[in-house]
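# Structural overview
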Amino acid sequence: MRSRGRAACDGFTLIEVMVALALSSVAVLIAAQTFGGVSDGLERMLASARDHDEEARARAWLWQAFGGARASTGDGRFVGTTDSVSFRSSLWVPTGWTEEERVTVATRDGTLALRHGARTIGLFEALDEARFAYLPHSDSIAWLEHWESLAGPPVAVRLEVRRGDTVSEMYFLTGVVR
């Protein structure tokens, strides 16, 4: 004989199903937030790696350009201001040797670019400011805002790059790469 009250069929009540759905929804929301946080962290890490690669590539180009700077006749003057610098330098070319060319490094539309010959290379993008300064001789402690000389380049060039609240300073010796 069967007892009255609860039916003999097995199953879940509507309340049990609703509680299971609510708990499943909470679990899905927690997982989405966790994976979203991981995704945001990965995005920040990739952006940081891109910035680091950009800076390393820019430093390599500038090291080669400033390192190859030399005194020269004609358009060989070294002319530097706070926002641009122009000089002759020996740069590696794709064919595997160096050629002496006029080099100009300047900021345009928020991008610091190096121009040599017909080629322009973007060094830093999305800049607020880039400023150059020049060390006249090795025993000097004062950096100059302007340098113009037929006799040759200054001993060193300082480049300050500002993006938002971040300021990077880079120093380059001139005429050390032959």
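Going along each chain's sequence as written, the residues are numbered from 1 onward. In keeping with the predicted nature of the model, local features appear solely for residues at pLDDT of at least 70, side-chain atom pairs appear and are counted solely at 80 or more, and the whole-chain, interface and lining totals rest on all residues. Here the side-chain values reflect all heavy atoms present in the structure, with hydrogen atoms and water set aside.

### Remarks on the side chain of S86
Defined as follows: In this description a helix means any DSSP run of H or I spanning at least four residues, a strand means any run of E spanning at least two, and both kinds are numbered starting from the N terminus. Only protein chains enter the accessibility calculation, which uses a 1.4 Å probe; a residue whose area is less than 20% of its type maximum is buried, one above 50% is exposed, and one in between is partly exposed. Any pair of N or O atoms that falls within 3.5 Å is considered a polar contact. Within protein, one atom must be able to donate a hydrogen and the other to accept it, and sequence-neighbouring residues count only if both atoms are side-chain atoms.
In this fold, S86 is placed in strand β2 (residues 84-92). Using a relative accessible area of 15% as the deciding quantity, one classes S86 as buried. Within the local environment of S86, its side chain forms a polar contact with the backbone oxygen of V103, the two atoms lying 3.5 Å apart.

### Quick word on the confidence of the model for the protein chain
To keep things clear, this is the line we draw: pLDDT is a residue-level measure of predictor confidence that goes from 0 to 100.
For the protein chain, mean pLDDT is 85; residues scoring 70 or higher make up 91% of the total. Looking over the protein chain, one finds the lowest element-wise mean pLDDT in helix α1 (residues 14-67), namely 83, and the highest in strand β6 (residues 129-135), namely 95.

### A closer look at unusual backbone geometry
For D109, which is not a glycine, the phi torsion comes out positive at approximately 55 degrees. Among the secondary structure elements, D109 is positioned in the loop between β3 (98-108) and β4 (111-116). Phi at A126 is positive, roughly 55 degrees, even though this residue is not glycine. Here A126 is to be found in the loop between β5 (119-124) and β6. Using a relative accessible area of 61% as the deciding quantity, one classes A126 as exposed.

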